[in-house]
Every structure is written in structure tokens, then in C-alpha cells.
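# Descriptive structure summary
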Amino acid sequence: MSALVPRERIEQTILVIRGHNVMLDSDLAQLYGVTVGRLNEAVKRNEERFPNDFMFQLTKAEFENLKSQIAISSSKWGGRRHAPYAFTEQGVAMLSSVLRSKRAIQVNIAIMRAFVQLREMIASNKGLARRLNELEKKYDGQFRIVFEAIRELMAEPEPKSRRIGFKSAE
């Protein structure tokens, strides 16, 4: 199974949108080995299985922001013409009931495992932060620098924006 879809590949496609961990329809279609149209068609035929907390369509602003962050081609050049759908963990689980291939089942299992691992990482990080706060209360100011350094290591790294283009040797 690990050869079918590497866990790292799945983890790279999980995004946080509107405070939810989601996967976009285009990423899911690629993982399932179907076209985006085929995936969305199966979902539309089974709309009652996908309430708003399972799946939602990105707003125009969210889509524009996403296009600027990751390489989604422009609609002028054959790219998407409509904002993508975002599927929460429950929505991804429901996809296995509408896409009935063996590959879809295997991919779904791998995706569910990735979501579980993500939840476990978040929970352990929260537990670590709570324990750090308790330790900080016990010890005096001399360890404040150590605690601040640990918090910096635990913090999410800020995305680094790099300039695109040619840099002259001047």
C-alpha cells in the first residue's frame, strides 16, 4: 500500500482552510486516479452525502489566494475555471462510498491514516505546550530564556517568500 500513495504525498495535499484540515478535489482526483470532473460528478450525484461540514466550495477570494500560494494554472491557459471544492476528513471518508474502485478504497485508507497522524501530532504538540507552561510556573526567571527558545522551536515556521526572476551579479 505504501507504494500506491506515499504518506508524504498525502500530507503535502492537506491544507488548512476556514480552520479545517481539508483536501482539494484536484488533489483527491489525482490520488484516486480519476479526473476532477469525474470526482465532482460522483459527488453531485450523491449531494445528500456531502453536507457543508463535509465539503465546501472555496470563495473567489480563497481561490485567488490559493492560486498565489501554490501553482494553479490560470483559466486563460487551460486551468480551472471554477473554484475547487474542499473536502474535510469526513468528506474524504464519504468519497469512498461514491467512488467504488479498489484504488479508491486503498487511497482512502491511506488518507484516513494521514489525518489520524496529523491529529495525533497536533494533540502531542498541545500537550507539550501545556507541560511547558506548568514547568515555567515552577521555575524562576533564570530559565525564561530556555522556555522562550523551546517555544520558538515549537512555533510554526513563517513561510519564506522568495523573489522570482533573474538576479544579476552587480
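This text gives an overview of the structure that appears in the document. Just so you know, these numbers come straight off a predicted model, no measurement behind them.

## Regarding the nonpolar core
Core analysis: the biggest nonpolar cluster contains 25 residues, and I10, M23, L28, Y32, F87, L95 and I111 have the highest contact counts within it. Elements supplying a minimum of two residues to this core: α2 (25–32), α3 (36–45), β4 (85–88), α5 (89–98) and α6 (102–138). Broken down by element, this core gets its largest block of residues, six residues, from α6. Every residue in contact with Y32, bar those within four places of it in the chain, is listed here: L39, V92, L95, L99, R103, A104, V107, N108 and I111. Ranked by size, the runner-up nonpolar core spans ten residues in total, among them V22, L66, A83 and A86.

## Brief notes about the sheet that holds strand β3 (residues 55–57)
The pairing of strands in a sheet happens through backbone hydrogen bonds and is either parallel or antiparallel. Taking strand neighbours across the sheet as the criterion, the four strands line up as β1-β2-β4-β3 in an open arrangement whose pairing is antiparallel. Edge positions in the open sheet fall to β1 (15–17) and β3, since each of these has one partner strand only. With direction set aside, neighbouring strand axes in the sheet form an average angle of 45°. Pairing geometry for β1 and strand β2 (residues 20–24), over three bridges, is antiparallel. Looking at the pairing, V16 lines up with N21 of β2.

## Brief notes about the pattern of salt bridges
Pairing between side chains becomes possible if they bear opposite charge and their charged atoms approach one another. Applying the stated criterion across every chain yields a total of three salt bridges. Linking E62 and R18 is a salt bridge whose minimum nitrogen-to-oxygen distance equals 2.8 Å. In this pair, E62 is assigned in helix α4 (residues 60–69) and R18 in the loop between β1 and β2, connecting sequence segments 44 residues apart. Overall, the relative accessible area of 21% leaves E62 in the partly exposed class. A residue is classified by how much of its surface remains accessible, and R18, at 43% relative accessible area, is partly exposed. Close ionic contact of E89 with R119 constitutes a salt bridge, the shortest N to O distance being 2.4 Å. Linking E89 in helix α5 with R119 in helix α6, this pair joins segments that are 30 residues apart in sequence.

Reading the values: the criteria
Residues numbered from 1 in each chain as written. Predicted model: local features only at pLDDT ≥ 70, side-chain atom pairs only at ≥ 80, totals over all residues. Heavy atoms only, no water. Core = buried A, V, L, I, M, F, W, Y, C linked by side-chain atoms within 4.5 Å. Buried < 20%, exposed > 50% of the residue type's maximum accessible area, 1.4 Å probe, protein only. Helix = DSSP H or I, 4+ residues; strand = E, 2+ residues; numbered from the N terminus. Contact = heavy atoms within 4.5 Å. Pairing = 2+ DSSP bridges. Axes fitted to C-alpha atoms, helices over the stretch in contact; angles between N-to-C directions. Salt bridge = Lys/Arg side-chain N within 4 Å of Asp/Glu carboxyl O.

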